[in-house]
Amino acid sequence: TSGDFTAGHLNTMTVGWGSLGVMWRRPFVQVVVRPTRYTYEFMEQYDTFTLSAFPEEYRDAMLLLGTKSGRDGDKIAESGLTPIASAHVAAPGFAEAELILECRRIYWADMDAARFLDPSIESNYPHGDYHRIYYGQIVAIYGSDAYGG
C-alpha cells in the first residue's frame, strides 16, 4: 500500500513476488511493481509504503485487490478492509492485518530483459511490461500474537 493516509490518497495491490533481507546494513523488503499498475503511480509519488499480511479468511479480499484496479473505483472499500494510520510512515496499514511492515523507499531499478540469464523468465512478460524493483528500508514492524506480538 502506498500513498498518504491523512490526505486520503492511497492505493493498494496484492504482491506475490518480493524478498526480505539486509542491504547496506539495513533491514529491507524488495517489491516489484509493473508500470502499468495504478499502484506504480503511488510508489513513484510517495517515499513510503507498507506491506500487510492477512489471515486466510481474507483470501477473497486479496484476490480482489490483486485483480481490480483502483483507477476504476474504490477497491479497498469493496474489499471490506479498513485502512489505518501507520506510526512512522504516511502510507496506511490495515486493521485486519496480522503483520504490517512500514517501509521507506531507499532504492529502485528497472528490470532489463537483456539480463535474464534464464530465457524462460521472459514468458512472464508477454506485453513487455517489466517490473520496477523497489527496496524499502523497514522502519517498523507490528504483528499479532501469530507473529510474536
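Whatever comes next refers back to the structure up there.
Summary of the structure given here. (Residues numbered from 1 in each chain as written. Predicted model: local features only at pLDDT ≥ 70, side-chain atom pairs only at ≥ 80, totals over all residues. Heavy atoms only, no water.)

## Some words on the side chain of Asn 11
Part 1 of the argument: Here Asn 11 is to be found in strand E2 (residues 9-11).
Part 2 of the argument: Polar side-chain contacts of Asn 11 include one of 2.7 Å to the side chain of Thr 39.
Part 3 of the argument: For Asn 11, the contacting residues outside a window of four places in its chain are Thr 1, Ser 2, Tyr 38, Thr 39, Phe 42, Gly 70 and Lys 75. (Helix = DSSP H or I, 4+ residues; strand = E, 2+ residues; numbered from the N terminus. Polar contact = N/O pair within 3.5 Å; in protein donor to acceptor, adjacent residues only side chain to side chain. Contact = heavy atoms within 4.5 Å.)

## Describing the packing of aromatic side chains
Part 1 of the argument: This model, assessed by the stated rule, comprises 11 aromatic pairs.
Part 2 of the argument: Between Tyr 38 and Phe 42, the ring centres sit 5.0 Å apart and the planes meet at 85 degrees, which makes this aromatic pair edge-to-face. Placement of both Tyr 38 and Phe 42 in helix H1 (residues 38-45) is noted, with a separation of 4 residues, approximately one turn of the helix.
Part 3 of the argument: Through successive ring pairs, a cluster of aromatic residues spans Trp 24, Phe 28, Tyr 107 and Tyr 135. (Phe/Tyr/Trp six-rings, centres within 6.5 Å; stacked < 30°, edge-to-face > 60°.)

## Brief notes about the pattern of salt bridges
Side-chain pairs of opposite charge can arise where the charged atoms are in close proximity.
Part 1 of the argument: Considering all chains together, one arrives at 8 salt bridges under this definition.
Part 2 of the argument: Where Glu 78 meets Lys 68, a salt bridge forms, and the shortest distance between an N and an O atom there is 2.7 Å. Here the residue Glu 78 occupies a position in helix H3 (residues 75-79), and Lys 68 occupies one in the loop between helix H2 (59-67) and H3, the gap between them amounting to 10 residues.
Part 3 of the argument: Residue Glu 78 is classed as partly exposed on the basis of its relative accessible area, which comes to 47%.
Part 4 of the argument: Residue classification places Lys 68 among the partly exposed positions, given a relative accessible area of 40%.
Part 5 of the argument: The residue Asp 112 makes a salt bridge to Arg 115 at a minimum N-O spacing of 3.8 Å.
Part 6 of the argument: Here Arg 115 falls in the exposed class, since its relative accessible area comes to 66%. (Salt bridge = Lys/Arg side-chain N within 4 Å of Asp/Glu carboxyl O. Buried < 20%, exposed > 50% of the residue type's maximum accessible area, 1.4 Å probe, protein only.)

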